[in-house]
Amino acid sequence: MCFSLCMSSPGNSLVFPLRVRRALDVQDAPYQLRYIGQQELGDKNRPTIVRSSIDVACSASIVEFLQELGCRLDFEYTARGYMFRKGRMKITVSKICKCGGGNKPGENIELISQSYLVELSVLAPSGYDAIAEDMRVFAEQLKPLVHLEKIDYKRL
């Protein structure tokens, strides 16, 4: 679930994106609340996007809590697929599905596309840019099936 909290002051509007996720196949797994910051401005030739991220494990009441804070549900989706690790890199290969109006989570879902979404991510300390080159080298090994591409989510 993707929420946003809009804060505005005279002449300035700020959108604070939050994401809530949980595993549908493990009932006892905690919910995860994630804040993903703006992409850092830096070298345009850098092969990856760098942004800050904060993850917090939380209870099932997080959705109600966010709604009470004034957060608005922007959209909801389900990712079904696989997760792999290669050193510090996390690689997810998944199909993205729209959530339907079913009573149970994971019910009434519809595939958005027949394509897979392949995502590479790494948690690294601020200022550690060497990992970007490792990610580029790994992505080169997946060509021609996968192309490393920076995506500006604001333009979607």
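Placed above this text is the structure.
About the cut-offs
Residues numbered from 1 in each chain as written. Predicted model: local features only at pLDDT ≥ 70, side-chain atom pairs only at ≥ 80, totals over all residues. Heavy atoms only, no water. Pairing = 2+ DSSP bridges. Helix = DSSP H or I, 4+ residues; strand = E, 2+ residues; numbered from the N terminus. Phe/Tyr/Trp six-rings, centres within 6.5 Å; stacked < 30°, edge-to-face > 60°. Lys NZ or Arg CZ within 6 Å of the ring centre and 35° of its normal. Salt bridge = Lys/Arg side-chain N within 4 Å of Asp/Glu carboxyl O. Buried < 20%, exposed > 50% of the residue type's maximum accessible area, 1.4 Å probe, protein only. Contact = heavy atoms within 4.5 Å. Arc of directions from axis to C-beta.

Novice: How would you explain the pairing of strand S7 (residues 89–99) if you had to name every residue and give the values?
Specialist: The side chains of a regular strand alternate between both faces of the sheet. By the bridge criterion, 10 bridges tie strand S6 (residues 77–86) to S7 in an arrangement that is antiparallel. Paired with Tyr82 across the two strands is Val93, which belongs to S7. Two successive antiparallel strands, S6 and S7, enclose a turn made up of 2 residues, where Gly87 displays a positive phi of approximately 65°. When S7 meets strand S9 (residues 117–121), the two strands line up antiparallel, connected through 5 bridges. Looking at S9, one finds that Ile91 is bridged to Leu120. Across 3 bridges, the pairing between S7 and strand S8 (residues 109–111) is antiparallel.

Novice: Describe the packing of aromatic side chains, listing the residues and the values that go with them.
Specialist: Considering all chains together, one arrives at 2 aromatic pairs under this definition. Ring plane angle 25° and centroid distance 6.1 Å describe the contact between Phe75 and Tyr77, whose orientation is recorded as stacked. Seen from the ring of Tyr116, Lys95 lies directly overhead, with NZ or CZ sitting 4.8 Å from the centre.

Novice: Lay out the pattern of salt bridges with the relevant residues and their values.
Specialist: Evaluated as defined, the whole model comprises 3 salt bridges. Arg34 is the salt-bridge partner of Asp55, the closest N and O atoms lying 2.6 Å from each other. Of this pair, Asp55 sits in strand S4 (residues 51–58) while Arg34 sits in strand S3 (residues 31–39), placing them 21 residues apart in sequence. The exposure class of Asp55 is partly exposed, given its relative accessible area of 34%. On the basis of relative accessibility, which here comes to 21%, the residue Arg34 falls in the partly exposed class.

Novice: Outline the side chain of Thr92, listing residues and values.
Specialist: In this structure, Thr92 sits in strand S7. Not counting residues within four places of it along the chain, the set of residues in contact with Thr92 comprises Tyr82, Met83, Leu117, Val118 and Glu119.

Novice: Quick one: what's the story with helix H1 (residues 62–69), residue by residue and with numbers?
Specialist: Inspection of H1 places Ile62, Val63 and Leu66 among the buried residues, and these make up the whole buried set. Angularly, the buried residues of H1 cover 100° about the axis, an arc narrow enough to put them on a single face. Residues of H1 that are exposed and point over 90 degrees away from its buried face: Glu64 and Glu68. Those residues of H1 hidden inside the fold are in contact with strand S1 (2–9), strand S2 (12–21), S3 and S4. Downstream of H1 by one or two residues, Gly70 has phi in the positive range, about 105°.

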